[in-house]
Amino acid sequence: IRAERSTRMLQQHQDDQEDMEVDGRNLDDADLFSDTTSVGGGGSVATSAARSKSTLATRTSGRSKSGKGRRKQERKLYSTKEGSTHEDLGLIAELHETLSSVPGIIAEIANITRIYLDIGQIEGGLSDLQKESQTMLTLCDDVKPKIWPGQQPVKERYGPEVTVEDIVRGGMNAASGYRSPLELMDAHLRYPPKFNIDLHWKLEIL
């Protein structure tokens, strides 16, 4: 009887061991399935990210092409090549850029003259430099109306305070000959650059 009981206990122990091994395998299979699912989900995320990246690249490429086309159009519009469609607009744009640099030149000349004054060197051509600078400013004021002759927009030219004489004069100017199509240009190029220059840039001692 003891031998049979021992045999049954041993058999029961072996069965329990087998059940534990099977449960372990089931847990391992469950983990493997979970990992596979995670990898599969990761693949979907990766695919979604790739699509987003592709879409972003397409949009960026579209903006780049649009920007290149716009710059090409501007170069064509502002071309100073002789005989080009809007050669006059190109010249006006370059003159605008040149005139816009004048206030900076005057400010630099004012600094130079004051430095030489501080070190006691007021001779050696400073007076001539200052006179030439004033001549340059006068020339700029003279050429502005010639480059931008009466180019006010119609809504400003014919505002509520306009007189009959102004309207007649404006109509005569419009019919007098060719007028550069400034409306094709950037807004800041349609008018002469404003000079913000210190009124006391010149030294009276020179």
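Above this text you will find the structure in question.
These numbers were taken from a predicted model, which means no experiment stands behind them. The residue numbering used here restarts from 1 in each chain and proceeds along that chain's sequence as written. Reporting of local features is limited, given that this is a predicted model, to residues whose pLDDT is at least 70; pairs of side-chain atoms are given and counted only at 80 or more, and all residues count toward the totals for whole chains, interfaces and linings. Computation of side-chain values covers all heavy atoms of the structure but excludes hydrogens and water.

A. Representation of the overall build of the protein within the structure. Strands are runs of DSSP state E lasting at least 2 residues, helices are runs of H or I lasting at least 4, and numbering of each runs from the N terminus. Within the protein, the secondary structure is distributed over 6 helices and 0 strands. Along the protein, helices (α) and strands (β) appear in the sequence α-α-α-α-α-α when read from the amino end. Burial classes follow relative accessibility: with a 1.4 Å probe on protein chains only, a residue under 20% of its type's maximum area counts as buried, one over 50% as exposed, and anything between as partly exposed. Every one of the 206 residues in the protein was classed for burial, and the buried ones make up 17%. Restricting the contact set of the protein to residue pairs at least 6 apart, pairs at least 24 apart contribute 79%. Here a residue-residue contact requires only that any non-hydrogen atoms of the pair lie within 4.5 Å.

B. Representation of a nonpolar patch on the surface in the model. Patch members must show over 30% relative accessible area and no salt bridge, and they are joined within 9 Å when carrying like charges or within 5 Å when they are nonpolar side chains of Val, Leu, Ile, Met, Phe, Trp or Tyr. Areas reported as accessible are Shrake-Rupley estimates using a 1.4 Å probe. Residue values count occlusion only from the protein chains shown. Salt bridge criterion: a side-chain nitrogen from Lys or Arg within 4 Å of a carboxyl oxygen from Asp or Glu. Nonpolar side chains collect at one region of the surface, where Ile-112, Ile-115, Tyr-116, Ile-119 and Leu-129 lie side by side and expose about 430 Å² of accessible area between them. The leading source of residues in the nonpolar patch is helix H3 (residues 102-118), at 3 residues. Mapped onto the elements, Ile-112 comes out in helix H3.

C. Structural view of the nonpolar core. To qualify as a nonpolar core, a set must consist of buried Ala, Val, Leu, Ile, Met, Phe, Trp, Tyr and Cys residues joined through side-chain atoms within 4.5 Å. Core analysis: the largest hydrophobic core is formed by 19 residues, its most contacted members being Tyr-78 and Met-185. Mapped by element, the contributors of at least two residues to this core are helix H2 (87-100), H3 and helix H4 (126-147).

D. Looking closely at the packing of aromatic side chains. For Phe, Tyr and Trp, rings pair up if their centres lie within 6.5 Å, where Trp contributes its six-membered ring, and each pair is then called stacked (planes under 30 degrees apart), edge-to-face (over 60) or tilted (otherwise). Summed over all chains, the structure comprises 0 aromatic pairs. Geometrically, a charge over a ring is one whose NZ (Lys) or CZ (Arg) sits within 6 Å of the ring centre while staying within 35 degrees of the ring normal. Directly above the ring of Phe-195 sits Lys-144, whose terminal nitrogen or CZ lies 3.6 Å from the centroid.

E. Geometry of H4. Spanning 22 residues, H4 covers 31 Å between terminal C-alpha atoms, matching the ideal 32 Å at 1.5 Å per step. Among the residues making up H4, those that are buried are Leu-126, Gln-130, Ser-133, Leu-137, Cys-140, Lys-144 and Ile-147. Seen along its axis, H4 keeps its buried residues to an arc of 115°; they face one direction. Opposite its buried face, H4 presents the exposed residues Asp-128, Lys-131, Glu-132, Leu-139 and Lys-146, each directed more than 90 degrees away. Take the residue count of a helix, subtract one, and multiply by 1.5 Å to get its expected span. The reported arc concerns the directions from the helix axis to the C-beta atoms and nothing else.

F. Structural context of the pattern of salt bridges. Following the criterion strictly, the structure yields 1 salt bridge and no others. The salt bridge partner of Glu-183 is Arg-179, with a shortest N-O separation of 3.3 Å. Taking the relative accessible area as the measure of exposure, Glu-183 reaches 47% and is therefore partly exposed.

G. Up close: the environment of Leu-89. Note on placement: Leu-89 falls in helix H2. Judged by relative accessible area, which is 0%, Leu-89 ranks as buried. Excluding residues that lie within four positions of it along the chain, Leu-89 makes contacts with Leu-77, Tyr-78, Ser-180, Pro-181, Leu-182, Leu-184 and Met-185.

H. Summary view of the side chain of Asp-88. Relative to the helices and strands, Asp-88 is located in helix H2. Under this rule, positive means Lys or Arg and negative means Asp or Glu; His and the chain ends count for nothing. This buried residue, Asp-88, is left without a salt bridge; Arg-179 holds the nearest opposite charge, at 9.0 Å. When near neighbours in sequence (up to four residues on either side) are disregarded, Asp-88 contacts Tyr-178, Ser-180 and Pro-181.

I. View of H3. Here H3 spans 25 Å end to end across 17 residues, near enough to the 24 Å set by a 1.5 Å rise per residue. Those residues of H3 not exposed but buried are Val-102, Pro-103, Ile-106, Ile-109, Ala-110 and Thr-113. For H3, the angular spread of the buried residues around the axis is 120°, confining them to a single face. Facing away from the buried surface of H3 by more than 90 degrees, the exposed residues are Ile-115 and Asp-118. Where H3 is buried, its residues meet H2 and H4.

J. Expanded view of a positive patch on the surface. Where a charge lies is defined by one atom per residue type, namely NZ (Lys), CZ (Arg), CG (Asp) and CD (Glu). Positive charge collects at one region of the surface, where Lys-68, Arg-70, Arg-71, Lys-72, Arg-75 and Lys-76 lie side by side. On the accessibility criterion, Arg-71 (43% relative accessible area) is partly exposed.

K. Layout of the packing of H3 against H4. Fitted lines through C-alpha atoms serve as axes, helices being fitted only where they are in contact, and the angles separating the N-to-C directions of these axes extend from 0 to 180 degrees. At their nearest, the axes of H3 and H4 sit 11 Å apart, and the two run at 160° to each other. Our classification of the angle between H3 and H4 gives roughly antiparallel. The chirality of how H3 crosses H4 is left-handed. Along its contact with H3, which presents Val-102, Ile-105, Ile-106, Ile-109, Thr-113 and Tyr-116, the element H4 presents Leu-126, Leu-129, Ser-133, Met-136, Leu-137 and Cys-140. We call Asp, Glu, Lys and Arg charged. Ala, Val, Leu, Ile, Met, Phe, Trp, Tyr, Cys and Pro are nonpolar, and the rest, Gly among them, are polar. Its residues placed into classes, the contact of H3 with H4 shows 10 nonpolar, 2 polar and no charged. An angle below 35 degrees is treated as roughly parallel, one above 145 as roughly antiparallel, one from 65 to 115 as roughly perpendicular, and anything else as oblique. We call a crossing left-handed when the near helix sits turned anticlockwise from the far one by less than a right angle, and right-handed when that turn is clockwise.

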